[in-house]
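# Analysis of the macromolecular model
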Amino acid sequence: MAGTAVRGRLTWLTATVGSIVDETAKVRTLSLEVPDWAGHRAGQHLDIRLTAEDGYQAERAYSIATAPGEPVAITVERLDDGEVSPYLTEELRPGDQIEVRGPVGGYFVWDPVDGGPLMLLAGGSGIVPLRAILRHRAREESPVPVRLLYSSRSWSEVIYRAELDQHAPGVAVIHTLTREQPAGWTGYARRVDQPMLAEVAWSAAQAPLAYVCGPTSFVETVAAGLVALGYSPGRVKTERFGATGS
Amino acid sequence: MEPLEDRVLDGNAIGGMLLEVFGTEMTTATGACGSCGTVGQVAELAVYRPGLGTVVRCRHCDNVLMVFVQVSGVTCVDLRGLASLT
Amino acid sequence: MSPISRGFHRRHGEEAAEGRVPPGQYVTHDFPVLSAGPTPHTPLANWTFSIEGGDGAKSWTWQEFQALPAETVTVDIHCVTRWSKLDTTWMGVSLDVLFGAVSNDLPYALAFCDGGYTTNVPVADLTGGKAWVAYSYDGGPLAAEHGGPARLLVPHLYFWKSAKWVRGLRLRDTDEPGFWEMYGYNMYGDPWREQRYAGD
């Protein structure tokens, strides 16, 4: 890798907050203007660093919510006992500055050349890098078929709901709502389990490529479940998030 | 606080720190456990971050593979638990 | 120089009575669980606590340990990650009782634990009513995630010294660093002198 490119990714850059979109009551997307941004791949994340007046610094990692070529954005879920997420989701305003480093990650990434069929499985805010993958696929007009199984606590907590509802060609979105369902709901209403995976996932015979992202307990259950269905472990990529609200 | 098992992460979470320490993308690097020999990508290793430092363990035998402690801008790195990292 | 993030500040705790909270700490009502590894689950039938080294090696089974005189203490605890928790109540066996059963003149101890964790504490800081092997917290059995069945409790030092899943002490004549001490944490760890890292 060229020395300059590595140096760029290693350096903390000062980003300016652009637009802010509230995705749900607790989740907000922040667009960031990052001068000298090196570009990113779908599924990568960036690190952010905040500095308080007394010099105290806090760093966190957030998945990039947008596709390569789109402006950089992160989607942050507010954790009630968090130190950084309440600041990012409640205090930060357009024009404010934060430091970012990245993009980071060469494992949990997808490009059309990686093929499919794609099996995407999201728990709560684990949807963020998977949405970047979906957008990248759409922008590249990739014919790779996709199934997304997305677990959320309730309909009001589904992130990017309207966008996912758009029924993009070749993309099937299956929701499961684990805690509360709207009146008339006929979809799944429980945590992802083996029978659900057997019904929803591409068959192993199709040699699917799976990306599983969310809280660790979700990822462990789902990844093991896919392998139990015959998925090749090398084609089940996992990214465990820390605390999420799911 | 979230359930204890949800607090264990994987190598993806420390990609930025590894980039800083090694100067290159490391989540796709392959580590071999010095205790049980299990080979896996760094992205898939078990990562514990108790606030005092970062402890990376083999998923198969829990052997400590890497420890990172950052004090005053200096990162102490211990890779003794790895048989190899390529 | 990093730009200041407008309005960002470190986590705050509530105000506490003067002198209760060491410098740089905030008070929490949670009991954060911080672990460097998976929670061990040693069956009580296999559990022993040992004091090794020196003249009098001694080991107690769980049953023998439960038969020892125990005390209930209420103490403040201070984690190097800056949270402090006041008025925590524990029940356990004082290290004075345990050291009373061995003949020892070695000045240092290395606590060792299920899962491989170690931490070093001078014997003088384990005796004189300063430390316990605790098996009950807040009126109930000590939860595995908090170090159960038993953990070391040394409240006058930073809480990384209160080793979870403790199984014994190795007595030595020199002070050897334990797990975190090897990576730059302070060999002693007095929260009142803010001895977080080596050289503090």
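Residues numbered from 1 in each chain as written. Chains lettered and ligands numbered in written order. Predicted model: local features only at pLDDT ≥ 70, side-chain atom pairs only at ≥ 80, totals over all residues.

Below, the discussion takes up the environment of Thr127 of chain C. Residue and element names in this part refer to chain C. Note on placement: Thr127 falls in the loop between strand S7 (118-122) and strand S8 (132-137). Overall, the presence of 17 C-beta atoms within 10 Å leaves Thr127 in the partly exposed class. Considered as a pair, Thr127 and Leu142 are 15 residues apart in the sequence and their alpha carbons are 22 Å apart. Those residues in contact with Thr127 that lie beyond four places of it in its chain are Leu95, Asp96 and Phe99. (Helix = DSSP H or I, 4+ residues; strand = E, 2+ residues; numbered from the N terminus. Buried ≥ 20, exposed ≤ 12 C-beta atoms within 10 Å, placed from the backbone. Contact = placed C-beta atoms within 7 Å.)

This next bit is on the interface of chain A and chain B. With 22 residues of chain A at the interface, the matching set in chain B holds 23 residues. Going through the elements one at a time, helix H1 (3-10), strand S6 (97-104), helix H6 (216-228) and strand S11 (236-241) of chain A are the ones with two or more residues in the side of chain A that touches chain B. Of the residues that constitute the side of chain A that touches chain B, the class distribution is nine nonpolar, seven polar and six charged. (Nonpolar A, V, L, I, M, F, W, Y, C, P; charged D, E, K, R; others polar.)

Residues and elements named next belong to chain A. As summarised here, the arrangement of the six strands in space is S4-S3-S6-S1-S2-S5, forming an open sheet in which the pairing is antiparallel. The open sheet has two edge strands with one neighbour each: strand S4 (57-63) and strand S5 (73-77). If you compare each strand with its neighbour and ignore which way they point, the axes differ by 40 degrees on average. The pairing of strand S1 (residues 13-22) with strand S2 (residues 27-33) spans five bridges and is antiparallel. (Pairing = 2+ DSSP bridges. Axes fitted to C-alpha atoms, helices over the stretch in contact; angles between N-to-C directions.)

When the parts come together, some accessible area is lost, and that loss is often what is quoted as the size of the interface. Contacts between the two partners involve 10 residues from chain C and, on the opposite side, 15 residues from chain A. A per-class count over the side of chain C that touches chain A returns three nonpolar, four polar and three charged.

As a further point, take the environment of Gly140 of chain C. Residue and element names in this part refer to chain C. As for its position among the elements, Gly140 is in strand S9 (residues 140-141). Using a count of 9 C-beta atoms within 10 Å as the deciding quantity, one classes Gly140 as exposed. Linking Gly140 and Trp90, residues 50 residues apart in sequence, is a C-alpha distance of 8.9 Å.

Before going further, it helps to examine unusual backbone geometry. Looking along the chain, the bond that leaves Gly102 of chain A and enters Pro103 of chain A is cis, with omega of 5 degrees. Here Pro103 of chain A shows up in strand S6. Following Gly116 of chain A, the chain continues into Pro117 of chain A via a peptide bond in cis, with omega recorded as 5 degrees. Of note, the phi angle at Asp62 of chain B is positive, near 70 degrees, even though the residue is not glycine. Taking the C-beta count within 10 Å as the criterion, Asp62 of chain B has 17 such neighbours and is therefore assigned partly exposed.

Residues and elements named next belong to chain A. Here we have five strands laid out as an open sheet, ordered S9-S8-S7-S10-S11, and parallel in their pairing. The open sheet has two edge strands with one neighbour each: strand S9 (171-177) and S11. For this sheet the average axis-to-axis angle between neighbouring strands, irrespective of direction, equals 10 degrees. Looking at chain direction, strand S8 (residues 146-152) and S9 are connected through seven bridges and run parallel.

All quantities given are derived from atomic positions and should not be read as evidence of function.
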